[in-house]
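Below are the chains, spelled out letter by letter.
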Amino acid sequence: MKYLNLKESLSECEINPRFSIDIASVAEGVRDFGLLHIEIYQKEKTIEILQRTNCNIINFRDLKFTKDLESREGMLYDITGCEKPTHCEIWYCSINKKIDPNFDPFINPGEFLGYPKCCVSKYESTSGMGLFYKEYLFSDNKIRYNEINRLCTLFFPNLFMPDFFPCSLSCEEAKEFSLKTQSIINLIYTKEEIKETYRYKLAPILLTSEKLYCFPNFKLENQRLTLIVDNLTQFVNLRSVLDTKYWPSIDGKNLLVNFKNIENTEKLFIESNGIVEELKFELI
Ligand SMILES: [Zn+2]
């Protein structure tokens, strides 16, 4: 595990260790540039970490964090006048990358980061993250790819892709981009961590009584899906994820979020303490 130190130093600096994949993908040449958003007090240490990981700092800018009014996310803005910055955006590239001295990553950030155009333009045209979560949770009749299942971060910290928001969980190009970084996960995570993270990427998500439940343990046989309630089962309140103005009508329904691995589910069961009960549901 070449990047074990990287992951540990990020944790010590109170930065989410899953950003290791953002940094390692640049250090390994999977993509040309990366950026990190960190709190202002983490700036010096982050620069040291990047330099120790064979990355050159290209540029940075100070930003101000505001809670997104529409979703669980935060938004970062350029500071104006005498506002105090709370965060910093640091751009970096591999030490082997030759850059033009006039290179300015802020001209077209999404393109330089290697993110798909469709995802970049959606991100740039939105003022809050509500539309993203609405799309992720309530896009009818679409098959979502487990490879870009960002929803699992509601329940589990790791995410095997750089920290970006696909335009939808059905975006082919975002899936391709994410797959490019799969080649380096063995350099960052242990076998156990990889196994556990996949478990959450595949875990069915059920919306019931305004709560999103995640079932890492489940069985799927002959299009019959059984969700197993055990100590790994978790939930979050939908209100804490997405503003109610984006909710469809969910009164009394059980809504199963349709991912590729469970796409043909015809019958749904829930198993708790050995007792199995069938649930009426809709795939969304
Ligand atoms: Zn896209």
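A few points on the structure. (Residues numbered from 1 in each chain as written. Predicted model: local features only at pLDDT ≥ 70, side-chain atom pairs only at ≥ 80, totals over all residues.)

**Let's talk about helix H1 (residues 4-12)**
Three or four residues apart is the spacing at which side chains of an α-helix point the same way, because the helix has 3.6 residues per turn.
Next up, step 1: Among all positions in H1, only Leu-6, Lys-7 and Leu-10 are buried. Here the buried residues of H1 occupy an arc of 100° about the axis, which is enough to place them on one side. Turned more than 90 degrees away from the buried face of H1 sit Glu-8, Ser-11 and Glu-12, all of them exposed.
Next up, step 2: Buried residues along H1 sit against helix H2 (20-27) and helix H3 (43-52).
Next up, step 3: At the exit of H1 stands Glu-14, carrying a positive phi of roughly 60°. (Buried ≥ 20, exposed ≤ 12 C-beta atoms within 10 Å, placed from the backbone. Helix = DSSP H or I, 4+ residues; strand = E, 2+ residues; numbered from the N terminus. Arc of directions from axis to C-beta. Contact = placed C-beta atoms within 7 Å.)

**With respect to the nonpolar core**
Next up, step 1: Ile-23, Ala-24, Cys-119 and Ile-205 are the most contacted members of the largest nonpolar core, which totals 69 residues.
Next up, step 2: Looking at which domains feed residues into this core, each of domain 1 (4-197) and domain 2 (204-283) gives three or more.
Next up, step 3: Among residues more than four places away in sequence, those in contact with Ala-24 are Tyr-3, Leu-6, Ile-184, Leu-187 and Ile-188. (Core = buried A, V, L, I, M, F, W, Y, C linked by C-beta atoms within 7 Å. Domains from an automatic or database assignment.)

**Some points on the sheet that holds strand E2 (residues 55-67)**
Next up, step 1: What the four strands build is an open sheet, ordered E1-E4-E2-E3; its pairing is antiparallel. Of all the strands in the sheet, just strand E1 (33-39) and strand E3 (74-78) have a single pairing partner and so form its edges. The average angle at which neighbouring strand axes cross in this sheet is 40°, direction not considered.
Next up, step 2: Where H2 meets the sheet, it contacts E1, E2 and strand E4 (87-94), and its direction lies at approximately 150° from that of E1. (Pairing = 2+ DSSP bridges. Axes fitted to C-alpha atoms, helices over the stretch in contact; angles between N-to-C directions.)

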